[in-house]
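Listed below, chain by chain, are the residues.
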Amino acid sequence: MSLDWIYYAISWILLRWHQVWDAIGVPEGVVLGTNWSWILAIIFLVVTVRVILFPVFVKQIKSQRAMQALQPQVKALQEKHKGDRETLQKEMMELYRKEKANPLMGCLPMFLQIPVFLGLFHVLRRLNPDKPLDKKTLYGWTVDQFDSASIAKLFTAPIAGKFGSSPEELAALGADGTTVKIMAGILVLVMMGTTYLTSRQMILKTGWAEDPQQRMIQRLMLYGIPASLLISGAIFPIGVIIYWVTNNMFTLAQQQWVLRKFPPPPSAKSSTTGTRGPVQPAKSGGLFGRGKSAPSAATPPAATKVAAPKPGAKPTSQKKGQPANQKGQSTGQKAQPANQKGQPANQKGQAAGQKKGQPANQKGRPAKRQG
């Protein structure tokens, strides 16, 4: 199957954006070692593709929410068919079919961007001022546009150069090998880092899947793809790496917006966060525990020993407004009675240590009731 239609489409978008920046007044020449009109054309190629794929991205989020809603049923199937992997897979496929959930929907936006990536890779790899005229005018390019893109640079490194460029390729581009390797190496590391962050951002927001297949896909996207870029990045032209890094930055911003707009359900997050579930309650429980333990620590005045007054000493009157009888404990008194004969210390609203049944509040006032 010919991929010429992809090459034409990518070339058309790239060239239209280059014309837009020329019309706006972005200089065609080198500024700070960079041909900004071509760099901006690549960046806005990403914007164009991502705007087109935005509905697919929303479907990806909805599919992930549906998969999360099925996690309790998936877990029940795993418990039911423990040790019988074949039956488990059959039952889960039946569950997905019945509920119209697609486990592969989470990877669909990435799969749809692969043709765009391959198209840009093919177009930029062809950039070479020494190409014959009939090769320069392929896919809707003019000779002037082709020659201008062939010498376009990012901080003196040509966008058609790559980390693994041969001396002959570098000579044709008029580039310094050391500069190309440094710039390409930095961009490859940035590409790996941003690829990892895009996957990590989604997993932290939605949690690890209970389904083994989904979990395997998550691990592949989180660790496998960034690791593979360390090797494959050596063959990518600098312009393609610019596209990839820009695409990752766009994905980070878009995911942050979508995840705030459509947050995962709390039940799904708690069921998929793995070890974070038990840790979180323990932490919050500890905080609430401290809040509750403070009052209980302040209630034990009954445990404190108070010396009894000497025989014949005058009883100590209670503070105004405090009840004489409070759960069997006398509060606000400096001493407890020691000279009453067989009479309990606190009985029927009398204060402890009062003389001959005198009320707790002197001057004829009865002791206030509780509550």
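Our subject is the structure that appears above.
Residues numbered from 1 in each chain as written. Predicted model: local features only at pLDDT ≥ 70, side-chain atom pairs only at ≥ 80, totals over all residues. Heavy atoms only, no water.

Peer 1: How do you make sense of the overall build of the protein when you look at a structure like this?
Peer 2: Along the protein, the regular secondary structure elements total 14 helices and two strands. Sequence-distant contacts, at least 24 apart, represent 68% of the contacts inside the protein between residues at least 6 apart. If you sum the accessible surface of the protein, you get close to 21,800 Å²; carbon and sulfur atoms cover 62% of it. (Helix = DSSP H or I, 4+ residues; strand = E, 2+ residues; numbered from the N terminus. Contact = heavy atoms within 4.5 Å. Areas by Shrake-Rupley, 256 points an atom, 1.4 Å probe, with all protein chains shown as cover.)

Peer 1: Mind showing me how you'd approach the packing of aromatic side chains here?
Peer 2: Aromatic rings considered in pairs are described by the distance between their centres and by the relative angle of their planes. By the definition in use, this model includes 14 aromatic pairs. Seen in terms of ring centroids, F117 and W244 are 5.1 Å apart; in terms of plane orientation they differ by 90°. Their pairing is edge-to-face. Taken as a pair, F117 in helix α6 (residues 108-125) and W244 in helix α12 (residues 238-261) lie far apart in primary sequence, 127 residues in all. Ring pairs connect the aromatic residues F117, F121, F236 and W244, which therefore count as one cluster. Directly above the ring of F163 sits K181, whose terminal nitrogen or CZ lies 5.8 Å from the centroid. (Phe/Tyr/Trp six-rings, centres within 6.5 Å; stacked < 30°, edge-to-face > 60°. Lys NZ or Arg CZ within 6 Å of the ring centre and 35° of its normal.)

Peer 1: What is the right way to read the nonpolar core from this model?
Peer 2: One recurring pattern in soluble globular proteins: nonpolar side chains tend to sit buried together. Counting 50 residues, the largest nonpolar core has W141, F236, I238 and Y243 as its most contacted members. When contributions to this core are tallied by element, the ones reaching two or more residues are α1 (4-24), α2 (36-52), α6, α8 (143-150), α9 (167-173), α10 (177-206) and α12. Contacts of I238, omitting those with residues within four sequence positions, involve L154, A157, P158, I159, G161, V180, M183, A184 and L187. Listed in part, the nine residues of the second largest apolar core include M67, M92, Y96 and A101. (Core = buried A, V, L, I, M, F, W, Y, C linked by side-chain atoms within 4.5 Å. Buried < 20%, exposed > 50% of the residue type's maximum accessible area, 1.4 Å probe, protein only.)

Peer 1: Looking at this model, I keep getting lost on unusual backbone geometry. Mind explaining?
Peer 2: Most peptide bonds take the trans form, and the phi angle of most residues other than glycine is negative. Phi at F155 takes a positive value of approximately 50°, unusual for a residue other than glycine. Structurally, F155 can be placed in the loop between β1 (153-154) and β2 (157-158). Under the relative-accessibility criterion, F155 is labelled partly exposed at 40%. The backbone of T156 shows a phi angle near 75°, a positive value even though the residue is not glycine.

Just geometry here; none of it tells us what the structure is for.
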